[in-house]
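Observations on the model geometry
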Amino acid sequence: EIYTGEDTLSLHDALPTYAIAKTAAAEPMGSVPITPDRILLVDGDGLAYYCAGNDDTDIGTARFNLAAKIQAAANLVGAERTIVLLTLSGSNKGHRYAIARVKPYQGQRANSKRPKNWQGLRDYMEGKEFPFTVDSTIVAEADDLFGWYSSTYSDVVILTQDKDMRMVTGLHLDWVTNRQHQVVAGEDSVFNDKQYGIKWFWLQMLHGDTADNIPGLPKYVIDGKAKPVGEVTAGKILAHSVQEKHFSDSVAYCYQSYYGERWLVEMLEQACLLWMRRNPDNWADCAEYGGPMYQFTDHEYWPAAYAEIEQRVRQADELNAIQT
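Below or above, wherever it landed, is the structure these notes cover. (Residues numbered from 1 in each chain as written. Predicted model: local features only at pLDDT ≥ 70, side-chain atom pairs only at ≥ 80, totals over all residues. Heavy atoms only, no water.)

Observations regarding the side chain of D164
Tracing the backbone shows D164 in the loop between β6 (156–159) and β7 (170–173). No salt bridge is formed by the buried D164; the nearest opposite charge belongs to K163, separated by 4.9 Å. Once residues lying within four places of it in the same chain are set aside, the contact partners of D164 are D143, W200, Q204, D209, D212 and M276. (Helix = DSSP H or I, 4+ residues; strand = E, 2+ residues; numbered from the N terminus. Buried < 20%, exposed > 50% of the residue type's maximum accessible area, 1.4 Å probe, protein only. Lys, Arg positive; Asp, Glu negative; His and termini not counted. Salt bridge = Lys/Arg side-chain N within 4 Å of Asp/Glu carboxyl O. Contact = heavy atoms within 4.5 Å.)

Following this line, the structure appears as structure tokens:
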């Protein structure tokens, strides 16, 4: 409860007033009228870290800050619905642990320390008192739910700090500045000096994602010499590409130069790890119609590449069944 000087309000009752005031301080426009059918998608996994505060922050303050941030964003974009997306404990992350062979998926996080209030905020979002709708998954990641909602609904707003979602179609609301940027299907754009759209996926296919321990392509061979692939090199490789076919052809060529006949299975592994899925239950969603790897499904190496990844997934399912 919050004492206002005249009345005592519940957190839920106080949120709209607090959020509008906070939003107005950041954006002169403040809240906007409701847009019918507009859905605000919020990264709940990220909020548990961002709103936790430090070791001196009490859980009540952390909970209030979390709920206020969500309400402020909803007011700012005029969302008719707000849905907080969560990855449940015990999730196999869409079989990404099993698919990853070059490097353990998120392996560098094994001994990382979480903020003091992290678990308390997770419990809050998963509990009955939480004033927003929650959509959680144990078969995939919350990231994949962004992909599903984006491909299913016509008007979604994406609130996350996670760079992976920069490939997802929708209106992106900057986590800190509240600036807005529309990502249109089939188009690429730059916002805040960062690449958005399908080109971002293909750039990650080259330089990887250190936050999730995804290597991308370690090296490519040119003039008989193997050269490392980092963000600068990836940008140069795709600098003159303007269509997805150009992106994919350039990336495939680089994979072939380094991996030889195994290029397609190595490329498929990275794609399955990086792609934000439209069907969270399908580990090979990246290769379905409209996905970035679909164009390679008629290649002579495809059956063997698919079978190798499928075997990893099947073995993981069998092991999990035995342990259960």
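Having seen the model, we can carry on.
Let's talk about the layout of surface pockets
Summary: where empty space remains is shown by rolling a probe the size of a single water molecule over the atoms. Approximately 960 Å³ is the volume attributed to the largest pocket. Forming the boundary of the largest pocket are 34 residues, of which D45, Y49, K93, R109 and R114 lie nearest the centre. Where the lining of the largest pocket is concerned, the elements lending two or more residues are α2 (44–50) and α5 (118–126). With five residues, α5 is the largest single contributor of residues to the lining of the largest pocket. Split into classes, the residues belonging to the lining of the largest pocket amount to eight nonpolar, 10 polar and 16 charged. Contributing to the lining of the second largest pocket are 27 residues, with T169, G186, I198, W275 and G290 lying nearest its centre. Sorting the residues of the lining of the second largest pocket by element identifies α6 (142–152) and α9 (244–259) as the ones contributing at least two each. Top element by residues in the lining of the second largest pocket is α6. It accounts for three residues. Grouping the constituent residues of the lining of the second largest pocket by class yields 13 nonpolar, 10 polar and four charged. (1 Å grid on protein atoms, 1.4 Å probe; cavity = no way out; pocket = protein on both sides within 12 Å on 5 of 7 lines; lining within 4 Å. Points joined across faces, edges and corners; volume = space filled by probe spheres on them. Nonpolar A, V, L, I, M, F, W, Y, C, P; charged D, E, K, R; others polar.)

A closer look at the state of the cysteines
Across all of its chains, the model carries zero disulfides by this definition. Considering cysteine sulfurs only, C286 is the nearest to C272, which forms no disulfide, with 3.9 Å between them. (Disulfide = S-S within 2.5 Å.)

What about empty space enclosed by the protein?
Using the criterion set out here, one finds one cavity of 30 Å³ or more in the structure. Space inside the largest cavity adds up to approximately 30 Å³. Around the largest cavity sit R96, Y105, E141, D143, D164, D209, D212, I214, L273, L274 and M276, which together line it. Classifying every residue of the lining of the largest cavity gives five nonpolar, no polar and six charged.

Thoughts on the pattern of salt bridges
Overall, the coordinates contain 15 salt bridges when judged by the stated rule. Between R38 and D155 there is a salt bridge, with its nearest N and O atoms 3.1 Å apart. With R38 in strand β3 (residues 35–43) and D155 in the loop between α6 and β6, the pair connects residues that are 117 residues apart, well separated along the chain. Exposure class is identical for R38 and D155. Each is buried. For R262, the salt bridge goes to E308, with nearest N and O atoms at 3.0 Å. Here R262 is found in the loop between α9 and α10 (263–274), whereas its partner E308 is found in helix α11 (residues 302–323), with 46 residues between them in sequence. Linked by salt bridges that have partners in common, R101, R262, E266, E269, E308 and R312 make up one network.

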